[in-house]
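# Structural description and commentary
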Amino acid sequence: FYGAYAAVERRTLDAVRALAAAWPHYTATFTGHSQGAVLALYAALAATRLPELRARRVALLNFGQPRGGDAAFAAYVAAALNHTAARSMFRVVHNKDPVVSIPKRVFGYAHAPVEVLYERGMARNAYRVCSAAYGDDPTCHERFFLPSSISDHITVFGLRVGNSCET
């Protein structure tokens, strides 16, 4: 994933700098879906190191995000985005989305907190905010042994996202 981000990092951070200069009192919120969510994670992390921004002005809201690093990386992300103070980092998971389970934890990969799990559709109040202490909360999505609903991955709040598998 990082190779894909590295290819666009300079242009992305140049755009973030320009936006931060134009709107200095706004929070920079990064968002993405699937692989784009991992790229948004890397961009948000890089933005916290920009002099034009501070960690308190960077937020992350991702959907169907695969794991983007190991446990040490996940802890670093959580600290850099200061998730416990401002609740500035959320990873939305739609029920049995299989993509959020890859790469596998057995290979050392981990999620940063905070997971927001929608188990029964994505209705307004049909979610659960999982433990902020774990990126891979064993009582949330992590409890599914073999999550296997690609429909849950490509449907977010009733909208079909992405078309990379269509001809």
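Residues numbered from 1 in each chain as written. Predicted model: local features only at pLDDT ≥ 70, side-chain atom pairs only at ≥ 80, totals over all residues. Heavy atoms only, no water.

### Section: the pairing of strand E1 (residues 28–33)
- Residue alternation in E1 divides its side chains into a buried set, Ala28, Phe30 and Gly32, and an unburied set, Thr29, Thr31 and His33.
- Across 6 bridges, the pairing between E1 and strand E2 (residues 58–63) is parallel. If you follow threonine 31 over to E2, its bridge partner there is leucine 61. (Buried < 20%, exposed > 50% of the residue type's maximum accessible area, 1.4 Å probe, protein only. Helix = DSSP H or I, 4+ residues; strand = E, 2+ residues; numbered from the N terminus. Pairing = 2+ DSSP bridges.)

### A word on the sheet that holds strand E4 (residues 89–94)
- With mixed pairing, 5 strands are arranged side by side in an open sheet as E1-E2-E4-E6-E7. Two strands bound the open sheet, and with one partner strand each, they are E1 and strand E7 (127–129). Ignoring strand direction, the axes of neighbouring strands in this sheet form an average angle of 15 degrees.
- Strand contacts of helix H2 (residues 35–47): E1 and E2, with the helix running at about 160 degrees to E1, the strand carrying the most contacts. (Axes fitted to C-alpha atoms, helices over the stretch in contact; angles between N-to-C directions. Contact = heavy atoms within 4.5 Å.)

### Some remarks on the environment of valine 114
- Turning to its location among the elements, valine 114 is positioned in the loop between strand E5 (109–110) and strand E6 (115–118).
- Overall, valine 114 belongs to the buried group, its relative accessible area being 1%.
- Distance from valine 114 to leucine 61, taken between C-alpha atoms, is 9.8 Å for residues 53 residues apart in sequence.

### Concerning the packing of aromatic side chains
- Under the criterion given, the structure shown has 7 aromatic pairs.
- Arranged with centres 5.9 Å apart and planes meeting at 70 degrees, the rings of tyrosine 42 and phenylalanine 73 form a pair that is edge-to-face. Highlighted residues: tyrosine 42 in helix H2 and phenylalanine 73 in helix H3 (residues 71–80), separated in sequence by 31 residues.
- Relative accessible area serves as the criterion here: at 8%, tyrosine 42 is assigned to the buried category.
- Relative to phenylalanine 157, the ring of phenylalanine 63 has its centre 6.1 Å away and its plane inclined at 80 degrees; by these criteria the two rings are edge-to-face. (Phe/Tyr/Trp six-rings, centres within 6.5 Å; stacked < 30°, edge-to-face > 60°.)

### Some remarks on the pairing of E6
- Side chains of E6 alternate between two faces, with Glu115 and Leu117 and Val116 and Tyr118 buried alike.
- Both E4 and E6 contribute to a ladder of 4 bridges, which runs parallel. Paired with histidine 94 across the strands is tyrosine 118, a residue of E6.

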